[in-house]
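# Structural overview
The primary structure of each chain is shown beneath.
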Amino acid sequence: MQIMVNSTTLSLIKGDITQEETDAIVNAANARLAGGGGVDGAIHRAGGPKIMEECRKIGGCPAGSAVITTGGNLKAKYVIHTVGPIYRDGRHDEPKLLANAYKSSLEIAVKKGIKTIAFPSISTGAYGYPINEAAETALKTAIDFIKSHKMPSLVRFVLFSDRDLEIYEKTLERLIKEERSGVSDEASKSCYFKKTP
Ligand code: ADP
């Protein structure tokens, strides 16, 4: 599924983020930037030891923040490492920290002049964030950022399973509907979100 938000393409696909050819891919890292399982392990395996070397020099990254390294052997030129919250019960700032993880990744991208970026579903694996809620926060945060910054030109979510993709798609459909019903003037209703093939 692919939509336009102003002049930015927002796309949802199923795939392996290590194979993405966007300028940057985002890693769901841990606060020590120490590597691990899930998407983090896959990125370091595919990207080679140079990424870890750079991570060691940086030292760490608190939840909600992001840092950048080169992409090593990946097709992507950069890896933006961000740390999502470990989900406890939803009352420990989890939504805010998750939104901040997306926001700080996008801020680094814009600062670096990165035009195309791919995200995994941050925190919904080992960190246990319920995916329906995480999808809403992820997509809302990306849309708000795109609207206010008019950048980057492509934001892609690379989901790892059919189920995850379906949840992100349903959530995006709902957000579009809500957005349309909240906009009163007809012109912006029809041009805000335009589905592309
Ligand atoms: P976290 O610790 O932030 O929860 P995980 O890596 O455990 O991070 O999981 C985040 C999401 O990334 C999960 O939905 C998982 O299925 C997905 N994932 C794992 N490997 C890949 C990959 N190669 N490409 C894209 N997504 C992946």
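A brief report on the enclosed structure follows. Here the structure is a predicted model, which means the values were calculated and not measured. (Residues numbered from 1 in each chain as written. Predicted model: local features only at pLDDT ≥ 70, side-chain atom pairs only at ≥ 80, totals over all residues. Heavy atoms only, no water.)

What follows covers the environment of S7. Relative to the assigned elements, S7 resides in the loop between β1 (2-5) and β2 (8-14). The class of S7 is exposed, set by a relative accessible area of 54%. Between the C-alpha atoms of S7 and G60, which are 53 residues apart in sequence, the distance is 34 Å. (Helix = DSSP H or I, 4+ residues; strand = E, 2+ residues; numbered from the N terminus. Buried < 20%, exposed > 50% of the residue type's maximum accessible area, 1.4 Å probe, protein only.)

It is worth spelling out the site of the ligand at this point. Residues in contact with the ligand amount to 16 residues; listed here are only the nearest, D16, V39, S123, G125 and A126. Within the contact set of the ligand, a nitrogen atom lies 2.9 Å away from a backbone nitrogen or oxygen of I17. For the ligand, an oxygen atom lies 2.8 Å from a polar atom in the backbone of G125. Burial of the ligand by the surrounding chains reaches 88%, relative to a free accessible area of 570 Å². Of the residues that constitute the shell around the ligand, the class distribution is 8 nonpolar, 6 polar and 2 charged. (Near = heavy atom within 4 Å. Polar contact = N/O pair within 3.5 Å; in protein donor to acceptor, adjacent residues only side chain to side chain. Areas by Shrake-Rupley, 256 points an atom, 1.4 Å probe, with all protein chains shown as cover. Nonpolar A, V, L, I, M, F, W, Y, C, P; charged D, E, K, R; others polar.)

A word on the pairing of strand β5 (residues 78-82). With respect to burial, β5 is a largely interior element, 5 of its 5 residues being buried. Here β5 shows a buried face lined by Y78, I80 and T82 and a second buried face lined by V79 and H81.

All right, on to the packing of aromatic side chains then. As enumerated under the stated definition, the model contains 5 aromatic pairs in all. An aromatic cluster is present here, built from Y102, F119, F157 and Y168 joined pairwise through their rings. (Phe/Tyr/Trp six-rings, centres within 6.5 Å; stacked < 30°, edge-to-face > 60°.)

Any two packed helices are characterised by how steeply their axes cross, that is the angle between the axes, and by the distance between the axes. Packing of helix α1 (residues 38-47) against helix α2 (residues 49-58) brings their axes to within 6 Å, and their N-to-C directions diverge by 120 degrees. For the element pair α1 / α2, the angle class is oblique. Here I43, H44 and G47 of α1 lie close against α2, whose contacting residues are P49, I51, M52 and C55. Taken together, the residues of the contact of α1 with α2 break down into 5 nonpolar, 2 polar and no charged. (Axes fitted to C-alpha atoms, helices over the stretch in contact; angles between N-to-C directions. Parallel < 35°, antiparallel > 145°, perpendicular 65-115°, else oblique. Contact = heavy atoms within 4.5 Å.)

Note that D23 resides in the loop between β2 and β3 (24-28). Relative accessible area serves as the criterion here: at 29%, D23 is assigned to the partly exposed category. Sequence-distant contacts of D23, defined by excluding residues within four places in its chain, comprise A76, K77, Y78, I114, K115 and T116.

Okay, helix α5 (residues 162-182) next. The terminal C-alpha atoms of α5 lie 30 Å apart, and with 21 residues this matches the ideal 30 Å at 1.5 Å per residue to within 8%. Among the residues of α5, those classed as buried are D164, L165, I167, Y168, T171, L172, L175 and I176. (Expected span 1.5 Å × (residues − 1).)

With that settled, the discussion passes to unusual backbone geometry. Each neighbour pair has its own omega, and for M151 with P152 the value is -15 degrees, a cis peptide bond. A positive phi angle is found at N6, which is not glycine, with a value near 50 degrees. As for its position among the elements, N6 is in the loop between β1 and β2. Residue classification places N6 among the partly exposed positions, given a relative accessible area of 32%.

It is worth spelling out the pairing of strand β6 (residues 116-119) at this point. Residues of β6 alternate between two faces, with T116 and A118 on one and I117 and F119 on the opposite face, all of them buried. Inspection of the sheet shows β6 paired to strand β7 (residues 154-159) by 4 bridges, in the parallel sense. Paired with A118 across the two strands is R156, which belongs to β7. Crossover β6 to β7 through helix α4 (residues 131-149) is right-handed. (Pairing = 2+ DSSP bridges. Right-handed = clockwise from strand over helix to strand, strands pointing away.)

What follows is about the nonpolar core. Formed by 38 residues in total, the largest nonpolar core has its most connected members in I80, I117, F119, F157 and Y168. Top contributing element to this core by residue count: α4, with 9 residues. Every residue in contact with F157, bar those within four places of it in the chain, is listed here: L10, S11, L12, I13, Y102, F119, P120, A138, L139, A142 and Y168. Counting residues in hydrophobic clusters, the runner-up holds 16 residues, among them M52, C55, V67 and V158. (Core = buried A, V, L, I, M, F, W, Y, C linked by side-chain atoms within 4.5 Å.)

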